[in-house]
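# Residue-level structural notes
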Amino acid sequence: MVTIQSVKGPVKADERGQEADHPTSQVALFGADQPLRLDCGIDLAPFQIAYQTYGTLNADKSNAILICHALTGDQHVFNTHPVTGKPGWWQTLVGPGKALDTDRYFIICSNVLGGCMGSTGPASTNPATGKVWGLDFPVITIPDMVRAQAMLIDRLGIDQLFSVVGGSMGGMQTLQWTAAYPDRVFSALAVACSTRHSAQNIAFHELGRQAVMADPDWRGGRYFEEGVHPHRGLGVARMAAHITYLSDAALHRKFGRRMQDRDLPTFSFDADFQVESYLRYQGSSFVERFDANSYLYLTRAMDYFDIAADHDGVLAEAFRDTKTRFCLMSFTSDWLFPTSESRNVVHALNAGGVRVSFAEIETDRGHDAFLLDVPEFLDIARAFLDSAASVRGLVEK
């Protein structure tokens, strides 16, 4: 049996609930008179969206950038995370003097609908019952997330975003923004993503969901009520997913077949190899900050995503004649969202008469390269945003 537990020890249900309902960030509340119509046919109300902002919104509100986070991310893109104490998850790209310059732009990052860091989701309290939503929370989609973000942007009084930026699931949201609100997005930077999930990716997500639901402590999704948490199942799900974020070359370079604190095998099922220890740590640290039911909901949202399906299967129609400027990037070693996926989007944008640039970046760092210090990626992102800012008339400070 794989041992998975929180690296800080078990996190109490009331502590998790505190961050889910009363997050360490700004919150936009939407009352019963402002329902969010979900793709499943349900009106969600009331609900809230937790978010962080960095920098200053200029007088004409033309310098706002929305960052859309990936599956296991949240709104804490630049600041210290309130649960883990770790630095923000995209400090390679966001900050003073970086491509997403907080001295130049007004950066917004919200926790997605269905998340567990303050936006309404399965870890939140259902106001109708006073209990945690759990599996009573309606199933959501990427378009649902984007509609909720649009309501937040409306609340902030911003008519058009200078840019929407995201990688992986965040890239999916970015592309959905441009399809759903073409007049509200001046530029879009979508990295390591696609307009729909592949069968292989759906299969990996199903593996993770089954690992969570097979944990005896999942309790049919009502673990909060019973004072337990499916640490083992969620940890195994994270371990499996994390393998897909890397590449064989990166794993070999980082770990090879090196033993963990020993010269000879133990002839047991302990973590003999460094790569085993690394994966177990990834699982243990993840369960500290993430809700298991949220993991189920967000992976399912990615599985359902298919922009072309809303346009009779013709992807180009989703973007036809939009004025949004696009930049797409992929990585040579990313087998989760390979370059072929990005090229399909680029071809659809070209067919729709859209202004688009594309770069395939050579690196052995796999899907996670968009979160790492990959100079070519960072330079291209900066150049694209600088060019768009020049056209937009945003003067560099």
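Residues numbered from 1 in each chain as written. Predicted model: local features only at pLDDT ≥ 70, side-chain atom pairs only at ≥ 80, totals over all residues. Heavy atoms only, no water.

### Structural notes on the overall build of the protein chain
Defined as follows: Under the DSSP-based scheme used, a helix requires at least four consecutive residues in state H or I and a strand at least two consecutive residues in state E, with every element numbered from the N terminus. Our radius of gyration is a C-alpha quantity, and the globule rule it is checked against amounts to 2.2 Å times the number of residues to the power 0.38. Only protein chains enter the accessibility calculation, which uses a 1.4 Å probe. A residue is then buried if its area is under 20% of the maximum for its type, exposed if over 50%, and partly exposed in between. Throughout, a residue-residue contact means that at least one pair of heavy atoms, one from each residue, lies within 4.5 Å. Here, Shrake-Rupley sampling with a 1.4 Å probe gives the accessible areas, and only protein chains in the shown set may cover a residue.
In terms of regular secondary structure, the protein chain is built from 11 helices and 12 strands. A compact globule built from 397 residues should have a C-alpha radius of gyration of about 21 Å, and the protein chain, at 21 Å, falls within 12% of that. Taken across its 397 residues, the protein chain has 56% of its residues classed as buried. When contacts within the protein chain are restricted to residue pairs at least 6 apart in sequence, those whose partners lie at least 24 apart make up 73%. Accessible surface, the protein chain as shown: approximately 16,500 Å² in total, 52% of it carbon and sulfur.

### Some details on the environment of L93
Within the secondary structure, L93 is located in the loop between β5 (64–68) and β6 (106–110). Its relative accessible area of 0% is what places L93 among the buried residues. Considered as a pair, L93 and R382 are 289 residues apart in the sequence and their alpha carbons are 8.7 Å apart. Dropping the residues within four chain positions of it, L93 is found in contact with K98, A99, L100, F377, L378 and A381.

### Here's the deal with the sheet that holds strand β4 (residues 47–54)
Our working rule: Whether two strands pair depends on DSSP finding at least two bridges between them. Axis angles are defined between N-to-C directions and span 0 to 180 degrees, where every axis is a line fitted to C-alpha atoms and, for a helix, only to the segment in contact.
Strand order in the open sheet made by the eight strands is β1-β4-β6-β5-β9-β10-β11-β12, with mixed pairing throughout. Single-partner strands in this sheet number two, and they are β1 (26–30) and β12 (356–361). Looking at each pair of strands side by side, their axes are set apart by 20° on average, direction ignored. Bridging between strand β9 (residues 161–167) and strand β10 (residues 185–191) involves six bridges; their strand directions are parallel. Across the sheet, G167 pairs through a bridge with V191, a residue of β10. Against the sheet, helix α11 (residues 375–392) touches β9, β10, β11 (325–331) and β12, its axis set at about 175° to β10.

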